[in-house]
Each structure stands twice: as C-alpha cells, then as structure tokens.
Amino acid sequence: LSSPSQNTPQWSKRPPYAASDPENNNNPPLHTASCFCGAVSFHTTADPTTSKLCDCQSCQRLHAAPYQWAALFFKEHVHFTPSSLRHLRFYDTRRRAFVSPEEEEEEEEEEE
C-alpha cells in the first residue's frame, strides 16, 4: 500500500499550489479572489510584481475579448485553498486545449 503523501502529485506540493493555512502564516492575506462560481479561490501575501495587457490571438479566444489584463505575482505569494486544487486546469497553447495539472507535469517530465 502506498501512503497518501506518495499519491499526492508533485505539482500540488510546490508553490502556488501547496496548501497553506492563512491563520498560521507569518504573511497574512493581502488580496483574496475566486472564480465566478467560487470553486477556485486563493489569496496573495504580497502586491503584484507587475501587470500586463495581452492581445495575442490565444488570449483573445480564451477570454472572448480584444485583450486580457493580468496581474503577475511571484508563485510564493499566491496560495490556493486546498479545495480549489481539484478544479484547476491549465491552458496549453501548443495543444490549444485545457489540460489538468497532472498532464502539465507529465509533459514537463518528458521535456527533461
């Protein structure tokens, strides 16, 4: 039998996905946010390092808008709630599809 920690995907142990308890954190939440339905929520412990507007075709399609505004944070300053992790998906521009974090991690391992 494998222990639960052995079954935990590696990506979920690294920032910003590693579970954190804001009440036991030396850096209290500065900003909190969630998706529209509330399935994914997170907080940051610092202000963004920068922000950008992107008007590439991938962002236009993904956001159904002429451009997308993004605030950029260091990964160590972003903390997802543990219940959010099962809802995360990443957009792979090469495949033009959403992929699970596990698929993203497998692809990273293959490139190494």
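For the structure, see preceding data.
Residues numbered from 1 in each chain as written. Predicted model: local features only at pLDDT ≥ 70, side-chain atom pairs only at ≥ 80, totals over all residues. Heavy atoms only, no water.

Asks: Just to check I follow, could you spell out the overall build of the protein for this structure?
Replies: Each helix and strand counted, the protein has three helices and seven strands in total. Within the protein, contacts between residues at least 6 apart in sequence are counted, and of these 45% link residues at least 24 apart. Surface summary for the protein: the accessible area is close to 8300 Å², and the carbon and sulfur share equals 52%. (Helix = DSSP H or I, 4+ residues; strand = E, 2+ residues; numbered from the N terminus. Contact = heavy atoms within 4.5 Å. Areas by Shrake-Rupley, 256 points an atom, 1.4 Å probe, with all protein chains shown as cover.)

Asks: Can you help me understand unusual backbone geometry in this one?
Replies: Outside of glycine, negative phi angles account for most residues, and trans bonds account for most peptide bonds. Residues other than glycine seldom take positive phi values, yet Ala 64 does so here, at roughly 50 degrees. Along the chain, Ala 64 falls in the loop between helix 2 (57–63) and strand 4 (68–72). What makes Ala 64 exposed here is its relative accessible area of 72%. (Buried < 20%, exposed > 50% of the residue type's maximum accessible area, 1.4 Å probe, protein only.)

Asks: Please clarify how the layout of surface pockets should be interpreted in this entry.
Replies: Of the volumes computed, that of the largest pocket is approximately 1400 Å³. Broken down by secondary-structure element, the contributors of at least two residues to the lining of the largest pocket are helix 2, strand 4, strand 5 (78–80), strand 6 (90–92) and helix 3 (101–111). For the lining of the largest pocket, the element with the most residues is strand 4, which contributes five residues. (1 Å grid on protein atoms, 1.4 Å probe; cavity = no way out; pocket = protein on both sides within 12 Å on 5 of 7 lines; lining within 4 Å. Points joined across faces, edges and corners; volume = space filled by probe spheres on them.)

Asks: What's the story with the environment of Pro 29 in this structure? I'm lost.
Replies: Its place among the elements puts Pro 29 in the loop between helix 1 (4–7) and strand 1 (31–34). Taking C-alpha positions, Pro 29 is 8.9 Å from His 79, a pair spaced 50 residues apart along the chain.

Asks: I would appreciate a short explanation of the environment of Thr 93 in the present structure.
Replies: Note that Thr 93 resides in the loop between strand 6 and strand 7 (97–99). Taking the C-alpha atoms as reference, Thr 93 lies 9.5 Å from Cys 59; in sequence the two are 34 residues apart.

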